[in-house]
Amino acid sequence: LDFSIRNNKEDATDAAHRAVAFCEENGVEENLAHNIGVAVEELCVNSATYAAKGQTDSIDVYVKVSDQSVVLRLRDNGAIFNPTEYVDDSGREVTGLKLVRSLTSSIEYNRVLDYNVTVVTVNR
C-alpha cells in the first residue's frame, strides 16, 4: 500500500483506517492491524503538529505485509525530527511516541534528501 495524505490531523485518521483495512485484507491479525493503524496515526499527527508550518504539505505512507512482519514507512519534508532520539519530558504517562514504541518491534529514522524517513516494523 502506497499513498500520500495532506499533512494535517484529519487526514492522519484516514491514513490509519486505510492502513488497518489493507493489513486485514492481507491476512494480518486484527490486533496487529490496529497496532499498525495507531502507529500510522500517531506518526502522522506528529508530523502535522511539529513540522515547520508551510514547509511540508504531504506525508507519504507505505505499508508492506510479509509472513514475518508488517513494515510501515512514513516520509515528509518537514523540519528534522528523529523519533528514535526524542525524549518525552512532559510527565504524561502515555504519549504518542511512547505508545508507538510499545506497539512495535523497531523504529528507524533517516534523513534522506531533506526528507524525514521513519520506518516502523511490527513482527508477526
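Computed from a predicted structure; not experimentally measured.

Definitions and limits used
Residues numbered from 1 in each chain as written. Predicted model: local features only at pLDDT ≥ 70, side-chain atom pairs only at ≥ 80, totals over all residues. Heavy atoms only, no water. Helix = DSSP H or I, 4+ residues; strand = E, 2+ residues; numbered from the N terminus. Buried < 20%, exposed > 50% of the residue type's maximum accessible area, 1.4 Å probe, protein only. Areas by Shrake-Rupley, 256 points an atom, 1.4 Å probe, with all protein chains shown as cover. Core = buried A, V, L, I, M, F, W, Y, C linked by side-chain atoms within 4.5 Å. Contact = heavy atoms within 4.5 Å. Salt bridge = Lys/Arg side-chain N within 4 Å of Asp/Glu carboxyl O.

Chemist: Even after reading the chapter, I still don't get the overall build of the protein, so can you show me in this structure?
Modeler: For the protein, the helix and strand inventory stands at three helices and five strands. In the protein, which comprises 124 residues, the share counted as buried stands at 42%. Taken as a whole, the protein presents about 6,900 Å² of accessible surface, with 46% of it coming from carbon and sulfur.

Chemist: Explain the nonpolar core here, please?
Modeler: Across soluble globular proteins, nonpolar side chains have a tendency to be buried as a group. Residues C44, V61, V63 and L72 are the most contacted members of the largest nonpolar core, which totals 27 residues. When residues of this core are traced back to their parent elements, those giving at least two are β1 (2-6), α1 (9-25), α2 (30-50), β2 (58-65), β3 (69-76), α3 (96-103) and β5 (115-123). The contacts of V63, once residues within four sequence positions are left out, are L1, A19, F22, C23, V70, V71 and L72.

Chemist: What's the story with the pattern of salt bridges in this structure? I'm lost.
Modeler: Pairs can form between side chains of opposite charge once their charged atoms are near each other. One pass over the structure, following the stated rule, counts three salt bridges. Residues R6 and D11 are paired through a salt bridge, measuring 2.8 Å at the closest nitrogen-oxygen approach. Take R6: its relative accessible area is 53%, and that puts it in the exposed class.

Chemist: Is there a simple way to explain unusual backbone geometry in this structure?
Modeler: Glycine aside, the phi torsion of most residues is negative, and most peptide linkages are trans. Its identity as a non-glycine residue notwithstanding, L113 has a phi of 50°, on the positive side. If you trace the backbone, L113 turns up in the loop between β4 (106-112) and β5. You will see that D114, though not glycine, has its phi angle at about 65°, which is positive. In this structure, D114 sits in the loop between β4 and β5. A relative accessible area of 58% means that D114 is categorised as exposed.

This is a description of form; function is not addressed.
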